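Coordinate analysis (summary)
So the chains spell out like this:
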Amino acid sequence: MNIFYELLFSRAIQKILMLKISNFYQYITNTLYVTSGHSMDPTVKHDELLIVSPCLTNPYNPHRGDIVVVGNRGDHRMLKRVIGLPCEYIKLSEGLLYINSVQISEYYLNGLPSSSSSSTFEWYLNPDEILVLGDNRSRSTDSRSFGPVKLNDILGKVLFRYWPLSRLRVLK
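The subject of this paragraph is the nonpolar core. Among the nonpolar cores identified, the biggest contains 12 residues, and these are Cys 55, Tyr 60, Val 68, Val 70, Met 78, Val 82, Leu 85, Ile 130, Val 132, Val 149, Leu 151 and Ile 154. Looking at this core, the elements that each hand over two or more residues are β3 (67-71), β4 (77-84) and β9 (129-133). In this view, Met 78 contacts Tyr 33, Val 68, Val 69, Val 70, Thr 141 and Phe 146; residues no more than four positions away in its chain are not counted.

So this is what it looks like as structure tokens:
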């Protein structure tokens with residue numbers, strides 16, 4: 001009977017260790033992010049390394065201006081800025097951003113236009129949706145192309161850039 005309990009205990013410890021290792025791997029892969037592309041220039045540039053706080057609980061409660069990683073929990077992940085929050089009316093018109101009919105200043109664009117076209121985009125966000133845009137609007141595939149993002153599709157919030165060292169800083 002002792003052999004049975006030893007084997008059972010051994011298997012339980014093995015399962016727990018495998019689960020912990022799997023959780024640690026998932027945490028690390030969702031924590032480190034390598035940027036790809038220029039949609040967040042000048043805030044975040046191509047091939048920079050970021051630390052992301054993974055969303056361990058869903059849904060994540062975003063704040064306007066957060067830089068987040070969004071995706072479908074697969075390999076396709078994108079870095080974007082939260083512009084619109086749940087239940088808001090968002091309008092991009094003639095290069096200007098309006099939230100609930102109030103014009104919003106976008107300090108993080110550093111002089112780049114708010115919109116790269118004369119087109120007007122409008123969204124009414126549902127309680128489980130946000131609107132995300134890249135800071136470099138002329139080179140970004142974002143909510144203007146694929147629509148609002150579900151809160152459950154936010155994989156994490158960017159905390160800071162750690163590479164290159166010359167651009168080390170907390171990102172807001």
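Here the narrative resumes, following the displayed structure.
Turning next to the sheet that holds strand β5 (residues 89-93). Sheet architecture is open: four strands sit in the order β7-β6-β5-β8, paired in antiparallel fashion. Edge strands, defined here as strands with exactly one partner in the open sheet, are β7 (102-104) and β8 (121-124). Each adjacent strand pair in this sheet contributes to an overall mean axis angle of 25°, direction not counted. Summarising the sheet, β5 and strand β6 (residues 96-99) pair through four bridges and their orientation is antiparallel. Residue pairing for β6: Leu 92 is matched across the bridge by Leu 97.

Now for a nonpolar patch on the surface. On the surface, Leu 159, Phe 160, Leu 168 and Val 170 cluster together into a nonpolar patch covering about 340 Å² of accessible area. Within the fold, Leu 159 resides in strand β11 (residues 154-163).

What follows covers the pattern of salt bridges. According to the stated counting rule, one finds nine salt bridges in the structure shown. Arg 161 is the partner of Glu 48 in a salt bridge, and the nearest nitrogen-oxygen pair spans 2.8 Å. Here Glu 48, found in the loop between β1 (32-34) and β2 (49-54), pairs with Arg 161, found in strand β11; they are 113 residues apart in sequence, far enough to count as distant. Residue classification places Arg 161 among the buried residues on the basis of a relative accessible area of 1%. The closest approach of N and O atoms between Lys 150 and Glu 129, which form a salt bridge, is 3.7 Å. Note that Lys 150 is positioned in strand β10 (residues 149-150) and Glu 129 in strand β9, a separation of 21 residues in sequence. Salt bridges linked by common partners bring Glu 48, Arg 161 and Arg 167 together as one network.

It is worth spelling out unusual backbone geometry at this point. Glycine aside, residues mostly have negative phi, and peptide bonds are mostly found in the trans state. Looking along the chain, the bond that leaves Asp 41 and enters Pro 42 is cis, with omega of 0°. In this fold, Pro 42 is placed in the loop between β1 and β2. Phi is positive for Glu 94, close to 50°, though the residue is something other than glycine. Mapped onto the elements, Glu 94 comes out in the loop between β5 and β6. Since its relative accessible area comes to 69%, Glu 94 is described here as exposed. In this structure, Asn 100 is a non-glycine residue whose phi angle is positive, near 50°. Position of Asn 100 relative to the elements: it lies in the loop between β6 and β7.

Interpretation of this model should avoid reading the predicted coordinates in detail wherever pLDDT is low. For the protein, the average pLDDT comes to 81, and 76% of its residues sit at 70 or higher. Between the elements of the protein, mean pLDDT differs from a low of 61, seen in helix α1 (residues 2-31), to a high of 95, seen in β9.

The exposure class of Glu 129 is buried, given its relative accessible area of 10%. Within polar-contact distance, the side chain of Glu 129 engages the backbone nitrogen of Asn 126 at 2.9 Å. Here Glu 129 is in contact with Leu 85, Pro 86, Tyr 124, Pro 148, Val 149, Lys 150 and Leu 151, once residues within four sequence places are set aside.

Thresholds applied
- Residues numbered from 1 in each chain as written.
- Predicted model: local features only at pLDDT ≥ 70, side-chain atom pairs only at ≥ 80, totals over all residues.
- Heavy atoms only, no water.
- Core = buried A, V, L, I, M, F, W, Y, C linked by side-chain atoms within 4.5 Å.
- Buried < 20%, exposed > 50% of the residue type's maximum accessible area, 1.4 Å probe, protein only.
- Helix = DSSP H or I, 4+ residues; strand = E, 2+ residues; numbered from the N terminus.
- Contact = heavy atoms within 4.5 Å.
- Pairing = 2+ DSSP bridges.
- Axes fitted to C-alpha atoms, helices over the stretch in contact; angles between N-to-C directions.
- Patch = residues over 30% accessible without salt bridge, like charges linked within 9 Å, V, L, I, M, F, W, Y side chains within 5 Å.
- Areas by Shrake-Rupley, 256 points an atom, 1.4 Å probe, with all protein chains shown as cover.
- Salt bridge = Lys/Arg side-chain N within 4 Å of Asp/Glu carboxyl O.
- pLDDT = per-residue confidence, 0-100.
- Polar contact = N/O pair within 3.5 Å; in protein donor to acceptor, adjacent residues only side chain to side chain.

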